Every structure is written in C-alpha cells, then in structure tokens.
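So the chains spell out like this:
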Amino acid sequence: MSEVKLAAELRSEFGKGAARRIRRDNKVPGVLYGHGSDPVHVTLPGHDLLLALRTPNVLLSLDIEGKSELAIPKAVQRDPLKGFLEHVDLLLVKRGEKVTVEVPVHTEGELAPGGYLLEHVLNALPVEAEATHIPESVTVSVEGLEAGASVLAKDITLPKGTTLAVEEDAVVLQVLAAQAEEPAAEGEGEAEEGAEA
C-alpha cells in the first residue's frame, strides 16, 4: 500500500465564506479526527490530495506545521457537477492499528457461454486490516460460472493480515440468466404513439 506525504495547515476560519476562499486557492478544507482527540481542522493542497485519493483507502502522512500524523480518508465530498473536492474527513491511524475499510472487488475471467449476467451484490468488501497494510483491492475469478452460481465473502482470498468484516456467507457476486425482453402487448405501442401526436 502506498503512503502519500502531504503538507497540511491548521485552519482557524470556518463557514461557507472561509471554505470558498480556501477552495479558490486550490486547497481543500478537511477535518482530522479519531483516537478520542478533539477534531483538528486543516487545509490540504487540492491537486496533491486529488491525486492521492485515486488510490482507495490511501494512507496519508500529514505534516501539520511540523507535527506528523497518519490518516486515511473516511468521507470525501465532491462538487456534484464539476467534480472538484469540497471537503474531506480524515481518520487518524497509528502504525500497527487495525482499521475497518471497504476494499473494491475486481473480477477476472469469463462467465460460461450463454449470455449470463454478473451482478455485483457488494462492490466493495468490508475488511479489517492494519492501517499501514490496507489492500488496494481484491480479485475474484468468475471463470466458467453459470446462472445460479454465487461468490460468498468466505470464498475470496484475502492478503495476509486482512480479515473479513462482514458475514462469511454474505453474497458478493452472483450470476444471473439473461432474460429476454418481453414483446410489448399489442395496442400499447399504438396508444403511446397516439398520445404523442
């Protein structure tokens, strides 16, 4: 797992106006919390943070005005239209500490021939891992699976030191038979066309 170093500044201004000024300077307001300590309000470099967040559950090594802290992203707010970062919540972690995170599930291989559909019941698998060794993703082979087959959480091979944080029998993936579309009943299509005119 990669560790990304970022310089953070303590923040003393709050509210919408302050947040807008911070974002105008290509920075992102954030809150650092955890370990029973009071929340610490920080400002982070926008572009560097955006690049770091491309890695799921990235470990951030923050230099907060000379003091070093480790954190993982807990909640990220983005502008719904433009996609830029509006705010980030970070969870303080320590080396050796176990944390519960959701790890993306990737698939490899081809389903059995026959037009089957693969449904991701869980897009991300809840796991517990050491904060400095969080896996970036888990990979599951779906080679040759047919309709009715499912992959349970316990069937997924996890990296050493990582354990499930979900029921072992939780369905992660399932294979469905493709259903042919039913032809529209006669008269329905005509009524719709008449309504448009």
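Residues numbered from 1 in each chain as written. Predicted model: local features only at pLDDT ≥ 70, side-chain atom pairs only at ≥ 80, totals over all residues. Heavy atoms only, no water.

So, on to the sheet that holds strand E8 (residues 116-120). In any sheet, the strands associate via hydrogen bonds between backbone groups, in a parallel or an antiparallel arrangement. Spatially, E8-E13-E11 is the arrangement adopted by the 3 strands of the open sheet, whose pairing is antiparallel. Edge positions in the sheet fall to E8 and strand E11 (150-152), since each of these pairs with one other strand and no more. Going across the sheet, the axis of each strand differs from the next one's by a mean of 15°, ignoring polarity. Sheet analysis places E11 next to strand E13 (residues 171-177), joined by 3 bridges and oriented antiparallel. Bridge assignment links Ser-150 to a residue of E13, and that residue is Gln-174. (Pairing = 2+ DSSP bridges. Helix = DSSP H or I, 4+ residues; strand = E, 2+ residues; numbered from the N terminus. Axes fitted to C-alpha atoms, helices over the stretch in contact; angles between N-to-C directions.)

Now for the sheet that holds strand E2 (residues 27-34). Around the barrel, 6 strands lie side by side as E1-E3-E2-E6-E5-E4; this closed barrel has mixed pairing. Going across the sheet, the axis of each strand differs from the next one's by a mean of 45°, ignoring polarity. The strands touched by helix H1 (residues 16-24) within the sheet are E2, strand E3 (37-45) and strand E6 (85-93), with E2 carrying the most contacts at an inclination of about 120°. (Contact = heavy atoms within 4.5 Å.)

Right, let's get into the layout of surface pockets. One way to see where empty space is left: roll a probe the size of a water molecule over the atoms. In this structure, the largest pocket encloses a volume near 180 Å³. Forming the walls of the largest pocket are Leu-32, His-35, Ser-37, Asp-38, Val-40, Ile-64, Lys-67, Glu-69, Leu-92, Val-93 and Lys-94. Elements supplying a minimum of two residues to the lining of the largest pocket: E3, strand E5 (67-78) and E6. Counting residues per element, the lining of the largest pocket draws most heavily on E3, at 3 residues. Looking at the lining of the largest pocket residue by residue, the class counts come to 5 nonpolar, 2 polar and 4 charged. (1 Å grid on protein atoms, 1.4 Å probe; cavity = no way out; pocket = protein on both sides within 12 Å on 5 of 7 lines; lining within 4 Å. Points joined across faces, edges and corners; volume = space filled by probe spheres on them. Nonpolar A, V, L, I, M, F, W, Y, C, P; charged D, E, K, R; others polar.)

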